[in-house]
Amino acid sequence: MQKPQNIIAQISKNLKEKKWNCLVDNCDQIAINSHLIQQNGLLSNITYNGHLVELKMIDANKWDNKKLPFEFGTVGIKHALTHKVFCNKHDTEIFKPIETDDKNFESYEAFLLFSYRAVCAEIRKKEINVEQFTRMANAKSLLGIIDQDFLNSNIEGNKLGIEDLIVLKTELEKEIENNTDKYKHFVHKYPKLEIYASAIFSANDLDYFSHISEPDLDNVYIHFLPLEDNFLILVGYHSEHVSEKIIAFCNSWKNLSLENLQKKLTTLFSSNVENWGLSTELYKEILDKNKSKYIKTLVENENLYGISVEKDFNLFEK
């Protein structure tokens, strides 16, 4: 008889092989692995021997009750922050402005395109979550082993999240096409730091979801871009879905010391943003105790919503 983790591992393996359609409306072409941050001109700036480091969930076949199910691991540059989001045609056409030789990563257009790709990636991730939890709920061999209410709650939660994200996706598509300055973005530049990320997250805490049935549109869009000589932070919001808390957060990334920047990154990566990575050389400098503490903190914050209060923990301290 198969162990539950072996069944879950097989479901995960099957989902990785599943073909998904492009997320552009009315496109029936198969999605390729799209980079949230492009390989050439950004990731290539911090790649050594073709590899980067990202946090991954451990294969279910190797789960150990005494250890947390996450670990840092190397990933080839071709697979860094990739998701099956767009077909080759749309992945090439839509993001051409930030793929050309004369690209301007500080521009409003660049912010919109990175944000659009991040939103679409979140939609696809939640679609995969729905499929995975549904397959687990329907697996007869898992009946009585995994709580059905837990599975159904996750299915429903991800479906609601997809509904909100589709609204955000539509708004970004309109803005990319019409350019009416409905979004506000901030550009913060620092000396080179070999880290990359691209994400969207809700600024609302659990209290909001407990009594509001409207879509959750108060979101922060944030992207960390490793340029050849600098580290660029793009952060912003939709001007019609904003709060004082969001504005303060966007401004809080300005003029930081290296230590405070590292602490803010640590807080963000352990609470709001899981789509991130770093160079193999920077990873080697991180203390083992800090790697363990980071993963523990990440798991503890699993159900955290809203903008997290900065913690006095620096993953990158030496």
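Residues numbered from 1 in each chain as written. Predicted model: local features only at pLDDT ≥ 70, side-chain atom pairs only at ≥ 80, totals over all residues. Heavy atoms only, no water.

1. Re the nonpolar core
Alright, step 1. With 58 residues, the main nonpolar core has Tyr196 and Leu225 as its most contacted residues.
Alright, step 2. Contributing elements (two or more residues each) for this core: helix H1 (4-17), helix H3 (108-138), helix H4 (148-178), strand S6 (195-202), strand S7 (219-226) and strand S8 (230-238).
Alright, step 3. It is H3 that provides the largest number of residues to this core, a total of 15 residues.
Alright, step 4. Not counting residues within four places of it along the chain, the set of residues in contact with Leu225 comprises Ile37, Leu42, Phe105, Phe114, Asn230, Phe231, Leu232 and Leu234.
Alright, step 5. Counting residues in hydrophobic clusters, the runner-up holds 39 residues, among them Phe72, Ala197, Phe249 and Leu315. (Core = buried A, V, L, I, M, F, W, Y, C linked by side-chain atoms within 4.5 Å. Buried < 20%, exposed > 50% of the residue type's maximum accessible area, 1.4 Å probe, protein only. Helix = DSSP H or I, 4+ residues; strand = E, 2+ residues; numbered from the N terminus. Contact = heavy atoms within 4.5 Å.)

2. Details of the packing of aromatic side chains
For any pair of aromatic rings, the description rests on two quantities: the centre-to-centre distance and the angle between the ring planes.
Alright, step 1. Inspection of the entire model under this criterion finds 19 aromatic pairs.
Alright, step 2. Arranged with centres 6.2 Å apart and planes meeting at 85°, the rings of Phe72 and Trp276 form a pair that is edge-to-face. With Phe72 in strand S3 (residues 70-76) and Trp276 in strand S9 (residues 276-279), this residue pair connects regions lying 204 residues apart in the sequence.
Alright, step 3. Three or more aromatic residues link up through ring pairs in this structure, and these residues are Phe72, Phe201, Phe224, Phe231, Phe249, Trp253, Phe269, Trp276, Tyr283, Tyr294 and Phe316.
Alright, step 4. Over the ring of Trp20 we find Lys18; its NZ or CZ atom is 4.8 Å from the centre of that ring.
Alright, step 5. Lying across the ring of Tyr283, Lys291 places its NZ or CZ 3.8 Å from the centre. (Phe/Tyr/Trp six-rings, centres within 6.5 Å; stacked < 30°, edge-to-face > 60°. Lys NZ or Arg CZ within 6 Å of the ring centre and 35° of its normal.)

3. Details of helix H7 (residues 258-269)
Alright, step 1. Between its first and last C-alpha, H7 extends 16 Å over 12 residues, near the 16 Å set by a 1.5 Å rise per residue.
Alright, step 2. All of the buried residues in H7 are Leu261, Gln262, Lys263, Lys264, Leu265, Thr266, Thr267, Leu268 and Phe269. (Expected span 1.5 Å × (residues − 1).)

4. Here we look at the packing of H3 against H4
Packed helices, taken two at a time, are described by their axes: the angle between them and the distance between them.
Alright, step 1. Interaxial distance between H3 and H4 falls to 8 Å at its minimum, and their mutual angle equals 155°. As far as their axial angle goes, H4 and H3 are roughly antiparallel. You can see that H3 and H4 cross each other, and the crossing is left-handed.
Alright, step 2. Residue composition of the contact of H3 with H4, by class: 20 nonpolar, seven polar and seven charged. (Axes fitted to C-alpha atoms, helices over the stretch in contact; angles between N-to-C directions. Parallel < 35°, antiparallel > 145°, perpendicular 65-115°, else oblique. Left-handed = near helix turned anticlockwise from the far one by under 90°. Nonpolar A, V, L, I, M, F, W, Y, C, P; charged D, E, K, R; others polar.)

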